[in-house]
Amino acid sequence: MSDDNPTIFGKILRGEIPCRKVYEDDEVLAFHDIHPVADVHFLIIPKRLIPSLAEVQPGDAPILGKMLALAPLLAREQGLTDGFRTAINTGRLGRQDVYHLHIHIFGNKPGGDPLKVMHGN
Ligand code: AMP
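Just so we're clear, the structure is a prediction, and the values are computed from it rather than from any experiment.

Caption draft 1: Quick look at the sheet that holds strand E1 (residues 21-24). With respect to topology, five strands assemble into an open sheet ordered E1-E2-E3-E5-E4, the strand pairing being antiparallel. Every other strand in the sheet has two partners, leaving E1 and strand E4 (85-87) as the edge strands with one partner each. Within this sheet the neighbouring strands show an average axis-to-axis angle of 20°, counted without direction. The sheet contact formed by strand E3 (residues 40-46) and strand E5 (residues 103-107) spans five bridges and is antiparallel. Across the sheet, residue Leu43 finds its bridge partner in E5, namely His104. Along the sheet face, helix H2 (residues 61-77) touches E1, strand E2 (28-32), E3 and E5 and points at about 155° away from the line of E3.

Shown next as structure tokens:
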């Protein structure tokens, strides 16, 4: 999506739609997913638009590394001290709904149930 036609995450970045912020710096924003699938479920996005993992360029490696390195720090801060899952849905067949690259981080609190095994739904 262009600047004129932002995705829902673009609108969050512009401040047009609220979010429950987990973390922000000049390059990255993390916020809680509006439809959590576990006790804790948040998304890490780059501020610069990369539509999809399928469109990543070699020059995007530093921001991708930063997002991935933030994942365990933020997961711990959010109470996921006994494990969590990460997911990057990519493209139509990967069931990507929002075309602004995002890492899902989700898991249950310690003492809760392990996440269900992923399946093909
Ligand atoms: P994906 O299928 O990987 O593209 O997932 C997009 C995710 O964005 C879904 O888990 C949605 O629940 C989540 N989502 C959509 N709109 C919002 C919003 N306004 N605030 C937070 N999360 C959202």
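Caption draft 2: The pattern of salt bridges, seen in detail. Counted under the stated rule, the structure contains six salt bridges. Among the salt bridges present, the one from Lys66 reaches Asp25, with a minimum N-O distance of 2.9 Å. Taken together, the positions of Lys66 in helix H2 and Asp25 in the loop between E1 and E2 put the pair 41 residues apart, joining distant regions of the chain. The exposure class of Asp25 is buried, given its relative accessible area of 17%. In this structure, Asp60 engages Arg48 in a salt bridge whose closest nitrogen and oxygen atoms are separated by 2.9 Å. Taken as a pair, Asp60 in the loop between E3 and H2 and Arg48 in the loop between E3 and H2 lie far apart in primary sequence, twelve residues in all. In this structure Arg48 comes out as partly exposed when scored by relative accessible area, which is 49%. Residues participating in the shared-partner salt-bridge network are Lys21, Glu24 and Lys47.

Rules used throughout
Residues numbered from 1 in each chain as written. Predicted model: local features only at pLDDT ≥ 70, side-chain atom pairs only at ≥ 80, totals over all residues. Heavy atoms only, no water. Pairing = 2+ DSSP bridges. Helix = DSSP H or I, 4+ residues; strand = E, 2+ residues; numbered from the N terminus. Axes fitted to C-alpha atoms, helices over the stretch in contact; angles between N-to-C directions. Contact = heavy atoms within 4.5 Å. Salt bridge = Lys/Arg side-chain N within 4 Å of Asp/Glu carboxyl O. Buried < 20%, exposed > 50% of the residue type's maximum accessible area, 1.4 Å probe, protein only.

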